Amino acid sequence: MPKTFHAADAHAGDREVVIVNKNGVEHEAHVLERQGDDLYVHYVNADKRLDEWVSERDVRPNTDTHEDGVVSNGNGTSRKRKRGSTEGEGEGNSRRTGSPGRLDTQPPLKVEDLGPAAITEEEYDIQHHKQITAKRNFDKVIFGRWQIKTWYFSPYPLTETETDGDTGTPSAQAPHSASKIPGVSRSSIRSHGRTSDLFAGGLGRSHGTGQNSTLWVCDRCFKYMAEGQSWELHVKKCTRRSPPGRKVYQRGAHIIWEVDGAKEKLYCQNLSLFGKLFIDIKTLFFDCDNFLFYILTDADSQRDHVLGFFSKEKVSYDDYNLACIVVLPPYQKKGYGMLLIEFSYELSRRAGKVGTPERPLSDLGLRSYLTYWISTLVRFFRRLLSVLPPDTAQMVTTGATADVSDVFVQSPSRETEDGSSFSRSRRRKSTKGWDGEEIPAAALATRTAQMNDMSDPMWTSLRALETTAHPDGSATTHVVVRCTLADIARATNLRVEDAAFALNECGLLVRRRKERTRLGTVKEEVEAEAGLADEEESVVVVTREMVEAVAKERDVKRMCMDLAHVLL
């Protein structure tokens, strides 16, 4: 008979609600832990990465909440209502039964009287996982020359002294032990097989607790240590100069390395554990055999410094091109995350697939991907809805009338798809950062052909140039494209649902108009008699002016990745 699991008490996780004064602004928060005069709080309706230790002098009780809830009577007074009761119940909770004129005075069953509800083993694991990871186990991590404040819990393995006994229960032998985890009766390695790897350092280690809990990690091989002295000795002896993989992208000092999780198990496990300090919803820790890791580094004269990475499954039946992505906090908001996202989509394009990131997405992940999707669509619409290349202000022809569409395709200036003119003025190049080598003409032509796939139906059959003559002999040419959402998604190598979400978020699906369309394939006279000859349908209209407005509002920039420097 399968083992039965019971849910924890629904109110066992209730925590004290307080008001925290932070920089002159008051925030409602839950108290997760107390240590002396310091409190570890979680802000209501905020991500766990914002949890922090605050001083008790900056905290006051929240007088607006009550244990049993408050119900207003409408006359300025209020009364308390017990959990499990319903609004509008009379004394004795009387209710009418099936017999007329008879009242059943038996009180109804309360939720507490039903006992703990039976749940599946998977739900039991998830419940314990949430309780264990509610508070991060390290407050900061020493990584090379950086001291970084961690965001989330990371399941760094137990040390030998922590494998026995209740590591979550304070004892005389472990003076630095953390308090017992709420809702978890026994937090030892034997408590539950599936969650044993989650009881990690920080619950009872001697490196300190609270605001003093520190992890030391080598920024070359990602080996982790609980003591600063051991870390200093290791750093002096570590000889790794770059990630243990092959180069798949190099532009100047920026290099992306491909590392196989099956060949470099220890390196990838340590990398995953370190990345988990800044990822909340991913659970890739030790089983790295089926994953490839793409690590972005910035080189100096001595070695390569890791800036961030993303992982992807070797074989994904859902065609996911990315499992998790991390850019280290010191290097965020510099375009490195966008470079990694663009490279993941380039991998899907070269594999002949339409990729998408693995769900669910975090709030920062959704923001980054929305930026990528909108930027990709804006750059595509700019190319599609341009009569002349973006940096061509005038075209002069001699003799026969020229076909402007041919000029558009053959223009060598397609790298400026962001709408700005390409500056050919000389400037001093930097040996670091985004500056790369000079792009040969052949490589530039190859990149242009790849970026503008003129064999796509969007360019061959759906795109048309409509020229209107004026009385003075001049003419005006407009680009008109009649296509579907699936056509746009195919041309941009995006999933239909991702393209639709991005178009809706940036407001390009707002403008609509009615157009007459033909129905059926029967003869016109039969259609006319049946009244089906013409019918109106709603069509979404996207103009170049709307595209430029979105580009300005969203601050759309040119691509971070340069296809000429991809080494695949």
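In this text the structure is predicted, and so the values were computed from the model without any measurement.

1. Observations concerning the overall build of the protein
Part 1 of the argument: Per the secondary structure count, the protein includes 12 helices and 26 strands.
Part 2 of the argument: Within the protein, the proportion of its 568 residues that are buried is 39%.
Part 3 of the argument: Sequence-distant contacts in the protein: of pairs separated by 6 or more residues, those separated by 24 or more amount to 61%.
Part 4 of the argument: Approximately 32,500 Å² of the protein is accessible, and the part contributed by carbon and sulfur atoms is 50%.

2. Description of the nonpolar core
Part 1 of the argument: Residues I256, F274, F343 and F381 are the most contacted members of the largest nonpolar core, which totals 77 residues.
Part 2 of the argument: If you tally residues by element for this core, the top one is helix α5 (residues 363–384), at 10 residues.
Part 3 of the argument: Residue contacts for F381: discarding those within four places in its chain leaves I488, L503, L508 and V547.
Part 4 of the argument: Residues V18, V31, V41 and V54 belong to the second largest nonpolar core, which totals nine residues.

3. So, the sheet that holds strand β21 (residues 324–327)
Part 1 of the argument: Spatial strand order, β16-β17-β18-β19-β21: five strands in an open sheet with antiparallel pairing. The sheet is open, and its two edges are formed by β16 (246–251) and β21, each paired on a single side. Within this sheet the neighbouring strands show an average axis-to-axis angle of 20°, counted without direction.
Part 2 of the argument: For strand β17 (residues 254–260) and strand β18 (residues 291–299), the ladder comprises seven bridges, and the chain directions are antiparallel. The partner of I255 across the bridge, within β18, is T297.
Part 3 of the argument: Along the sheet face, helix α3 (residues 265–276) touches β17, β18, β19 (304–313) and β21 and points at about 75° away from the line of β18.
Part 4 of the argument: Across the sheet, helix α4 (residues 336–350) lies against β16, β17, β18, β19 and β21, angled at about 40° from β19, the strand it touches most.

4. Overview of the packing of α5 against helix α12 (residues 544–554)
Part 1 of the argument: The interhelical angle for the contact between α5 and α12, taken along N-to-C directions, is 145°, at an axis separation of 10 Å. For the pair α5 and α12, the sense of crossing is left-handed. In this structure, α5 uses L370, I374, V378, F381 and R382 to contact α12, whose residues at the interface are R544, V547, E548, V550, A551 and R554.
Part 2 of the argument: Looking at the contact of α5 with α12 residue by residue, the classes come out as seven nonpolar, no polar and four charged.

5. Focus on the packing of aromatic side chains
Part 1 of the argument: Applying the stated rule across the entire model yields 20 aromatic pairs.
Part 2 of the argument: Both rings, one in W151 and one in F278, keep their centres 5.8 Å apart while their planes meet at 80°; by these two values the pair is edge-to-face. In this pair, W151 sits in the loop between β13 (146–149) and β14 (214–217) while F278 sits in the loop between α3 and β18, placing the two residues 127 residues apart along the sequence.
Part 3 of the argument: Exposure remark for W151: the relative accessible area of 17% places this residue in the buried category.
Part 4 of the argument: The aromatic ring of W151 is capped on one face by R49, whose charged end is 5.6 Å from the ring centroid.
Part 5 of the argument: Sitting over the face of the ring of Y40, K135 holds its NZ or CZ atom 5.5 Å from the ring centroid.

6. Quick word on the sheet that holds strand β2 (residues 17–22)
Part 1 of the argument: The strand order β5-β4-β3-β2-β6 describes an open sheet built from five strands, whose pairing is antiparallel. Among the strands making up the open sheet, the edge pair consists of β5 (52–55) and β6 (59–61). Sheet twist, expressed as the mean angle between neighbouring strand axes with direction ignored, is 50°.
Part 2 of the argument: As paired strands, β2 and strand β3 (residues 25–35) are joined by six bridges and run antiparallel to one another.

7. Side note on the environment of V31
Part 1 of the argument: For V31, the location among the structural elements is in strand β3.
Part 2 of the argument: As for V31 and D51, which are separated by 20 residues in sequence, their C-alpha atoms are 9.9 Å apart.
Part 3 of the argument: Discounting residues that sit within four places of it in the chain, V31 has contacts with R15, E16, V18, L39, Y40 and V41.

8. A few points about the pattern of salt bridges
Part 1 of the argument: As enumerated under the stated definition, the model contains 24 salt bridges in all.
Part 2 of the argument: In this structure, D139 engages K149 in a salt bridge whose closest nitrogen and oxygen atoms are separated by 3.4 Å. In this pair, D139 sits in the loop between α1 (121–132) and β12 (140–143) while K149 sits in strand β13, placing the two residues 10 residues apart along the sequence.
Part 3 of the argument: Here R303 ties to D219 by a salt bridge, and the two come within 2.8 Å at their closest N and O atoms. Here D219 lies in the loop between β14 and β15 (224–225) and R303 lies in the loop between β18 and β19, a separation of 84 residues in the sequence.
Part 4 of the argument: Judged by relative accessible area, which is 13%, R303 ranks as buried.
Part 5 of the argument: Within the structure, one salt-bridge network assembled from shared partners comprises E16, R34 and E56.

9. Some points on α4
Part 1 of the argument: With 15 residues, α4 extends 21 Å from end C-alpha to end C-alpha; this agrees with the ideal 21 Å at 1.5 Å per step.
Part 2 of the argument: With 12 of 15 residues buried, α4 lies mostly within the body of the structure.

10. Focus on the environment of F309
Part 1 of the argument: With respect to the helices, strands and loops of the structure, F309 is situated in strand β19.
Part 2 of the argument: For the pair F309 and Y294, spaced 15 residues apart in the sequence, the C-alpha separation amounts to 5.5 Å.

11. As for unusual backbone geometry
Part 1 of the argument: Of note, the amide linkage connecting R359 to P360 takes the cis form, showing an omega dihedral of 0°.
Part 2 of the argument: Backbone geometry places N45, a non-glycine residue, at a positive phi of 60°.
Part 3 of the argument: Mapping N45 onto the fold places it in the loop between β4 (38–43) and β5.
Part 4 of the argument: One non-glycine residue, D319, lies in the positive phi region at around 60°.
Part 5 of the argument: The topology assignment puts D319 in the loop between β19 and β20 (320–322).

12. Looking at the side chain of N321
Part 1 of the argument: Along the chain, the position of N321 falls in strand β20.
Part 2 of the argument: Engagement of the side chain of N321 in a polar contact is seen with the side chain of S348, the distance being 3.4 Å.
Part 3 of the argument: Among residues more than four places away in sequence, those in contact with N321 are F310, K312, S344, Y345, S348, G355, T356 and P357.

13. What to know about the packing of α5 against helix α10 (residues 496–505)
Part 1 of the argument: One can describe the packing of α5 onto α10 by two numbers: an axis separation of 9 Å at closest approach and a directional angle of 85°. If you check the angle between α5 and α10, you find them roughly perpendicular. Where α5 approaches α10, its residues L366, L370, W373, I374, L377 and F381 are matched on the opposing element by D498, A499, F501, A502, L503 and E505.
Part 2 of the argument: Here the contact of α5 with α10 is built from residues that sort into 10 nonpolar, no polar and two charged.

Thresholds, definitions, all that
- Residues numbered from 1 in each chain as written.
- Predicted model: local features only at pLDDT ≥ 70, side-chain atom pairs only at ≥ 80, totals over all residues.
- Heavy atoms only, no water.
- Helix = DSSP H or I, 4+ residues; strand = E, 2+ residues; numbered from the N terminus.
- Buried < 20%, exposed > 50% of the residue type's maximum accessible area, 1.4 Å probe, protein only.
- Contact = heavy atoms within 4.5 Å.
- Areas by Shrake-Rupley, 256 points an atom, 1.4 Å probe, with all protein chains shown as cover.
- Core = buried A, V, L, I, M, F, W, Y, C linked by side-chain atoms within 4.5 Å.
- Pairing = 2+ DSSP bridges.
- Axes fitted to C-alpha atoms, helices over the stretch in contact; angles between N-to-C directions.
- Left-handed = near helix turned anticlockwise from the far one by under 90°.
- Nonpolar A, V, L, I, M, F, W, Y, C, P; charged D, E, K, R; others polar.
- Phe/Tyr/Trp six-rings, centres within 6.5 Å; stacked < 30°, edge-to-face > 60°.
- Lys NZ or Arg CZ within 6 Å of the ring centre and 35° of its normal.
- Salt bridge = Lys/Arg side-chain N within 4 Å of Asp/Glu carboxyl O.
- Expected span 1.5 Å × (residues − 1).
- Polar contact = N/O pair within 3.5 Å; in protein donor to acceptor, adjacent residues only side chain to side chain.
- Parallel < 35°, antiparallel > 145°, perpendicular 65-115°, else oblique.

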